[in-house]
Structures are given as C-alpha cells and as structure tokens.
Amino acid sequence: MLALSVEAHRTGCAVVVATGELDLAGARRVLDKLDRLITEGRDRVVLDMSGVAFCGAQAMSALVRTRARAQRAGGWLRLAAVPPHVRRVFERTDLSRLFPHFPDVAAAASGRPIPDQRTPPTRAR
C-alpha cells in the first residue's frame, strides 16, 4: 500500500511525500499524482522518499518519464531522502546520474545534492 500527500514548500515547489511501497500499483499512483501536478503547472517537484520501503522497476521507469516531462515543461523532478536500499538500486542501474542524491527536502528544493560518494571500480593489474 502506498500513501501520497502533497505539500507546498516555501521555495514554491510541490513536495510529494510517499510512504509505503512503490510496486506496480504504487508506480501507477505516483505517476498519476506527478503527472497531475505537472499538468496543473506545478512543474518543480520534490518526491520525498524517506518513507519508501520498496521501489520496483515500474516505479523507476515512471520517475524517469516524469522527470523528462517536468523538464519539457521547464521544471524538474528531484528525489529527496531516498533510503539506502533504494539508493543502491538507483546506483546499480546508473539512474543516480539522472537523480542526484539529495539528503532531504530542503536540499532537493534548493538544488544542493550530495556529491556522488561511490568509489570507481579498481582495475586489475
């Protein structure tokens, strides 16, 4: 089960708080919510993922599509407080290059990501 709520941030962006699982059904719900915001002209969106227990492939695909749609509208989609187990999936699939690491909503709203902390792979000699 996924719960979604929308809040306005002092910077003017919309903050969508997701709690639960972003499985197939959750992916559809979050995609609908984000699409609705962008259609309404609220094209600067932070998705607070601090309460997300699971993020499946369908949800990741929905986030990539929504990010592109927000950019076409002149805005952005930023993910905040992505739990470590979900963040690792973003890193392994190279989606972390599209979604920089924002530790919290304030950092995402202001556009101040944490630098990528991954170490490059070592080469065998």
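See the structure above.
Let me sum up the structure you'll find in this document.

Conventions we followed
- Here the residue numbering is sequential within each chain, running from 1 through the sequence in written order.
- Side-chain atom pairs in this predicted model are given and counted only at pLDDT of 80 or more, local residue features only at pLDDT of at least 70, and totals for whole chains, interfaces and linings cover all residues.
- With hydrogens and water excluded, all non-hydrogen atoms of the structure serve as input to the side-chain values.
- Each residue is assigned to one of three classes by its accessible area relative to the maximum for its type, calculated with a 1.4 Å probe on protein chains only: buried under 20%, partly exposed between the two thresholds, exposed over 50%.
- Secondary structure elements follow DSSP: runs of H or I of four or more residues count as helices, runs of E of two or more count as strands, with numbering from the N terminus.
- By construction, the arc corresponds to the directions joining the helix axis to the C-beta atoms.
- Whether two residues are in contact is decided by their heavy atoms, any of which lying within 4.5 Å being enough.
- Joining through side-chain atoms within 4.5 Å is the link that ties buried Ala, Val, Leu, Ile, Met, Phe, Trp, Tyr and Cys residues into a set, and such a set is a nonpolar core.
- Strands pair, by our definition, only if DSSP identifies at least two bridges between them.
- Here an angle of 0 to 180 degrees is reported between the N-to-C directions of two axes, which are lines fitted to C-alpha atoms, with helices fitted over the stretch in contact.
- Handedness is read with the strands pointing away from the viewer; a crossover is right-handed when the path from the first strand over the helix to the second is clockwise.

Description of helix H3 (residues 84-92)
Thinking step 1. Residues of H3 that are buried include every one of Val86, Arg87 and Phe90, and no others. Projection of H3 onto a plane perpendicular to its axis shows the buried side chains occupying an angular sector of 100°, all on one side. In this structure, H3 carries Pro84 and Arg92 as exposed residues pointing more than 90 degrees from its buried face.
Thinking step 2. Where H3 is buried, its residues touch strand S3 (44-55), helix H2 (57-72) and strand S4 (76-80).
Thinking step 3. With its phi angle positive at about 65°, Asp94 sits one or two positions after the end of H3.

What to know about the nonpolar core
A general feature of soluble globular proteins is that nonpolar side chains tend to end up buried together.
Thinking step 1. Ranked by internal contacts, the top residues of the largest apolar core, which has 26 residues, are Leu47, Met49, Cys55, Leu79 and Phe90.
Thinking step 2. Looking at this core, the elements with two or more residues in it are strand S1 (2-8), strand S2 (14-22), helix H1 (24-39), S3, H2, S4 and H3.
Thinking step 3. When residues no more than four places from it in sequence are discounted, the contact partners of Met49 are Leu22, Cys55, Leu79, Ala80, Ala81, Val82, Pro83 and Val86.

Quick notes on the sheet that holds S1
Thinking step 1. Across the sheet, four strands lie side by side as S1-S2-S3-S4; this open sheet has mixed pairing. In the strand order of this sheet, the two ends are held by S1 and S4, each with one partner. Ignoring which end each strand starts from, the neighbouring axes of this sheet average 20° apart.
Thinking step 2. Sitting on the sheet, H2 is in contact with S2, S3 and S4, with an inclination near 140° to S4.
Thinking step 3. Against the sheet, H3 engages S3 and S4, with an angle of about 110° to S3.

Description of the pairing of S4
Side-chain positions along a regular strand alternate between the two faces of the sheet.
Thinking step 1. Counting buried positions along S4 gives five out of five residues, so the element sits mostly inside the fold.
Thinking step 2. Across the two faces of S4 the burial is the same, with Trp76, Arg78 and Ala80 and Leu77 and Leu79 all buried.
Thinking step 3. The pairing of S3 with S4 spans five bridges and is classified as parallel. Bridge pairing links Val45 to Leu77 in S4.
Thinking step 4. Regarding topology, H2 serves as the crossover connection from S3 to the parallel S4, and that connection is right-handed.

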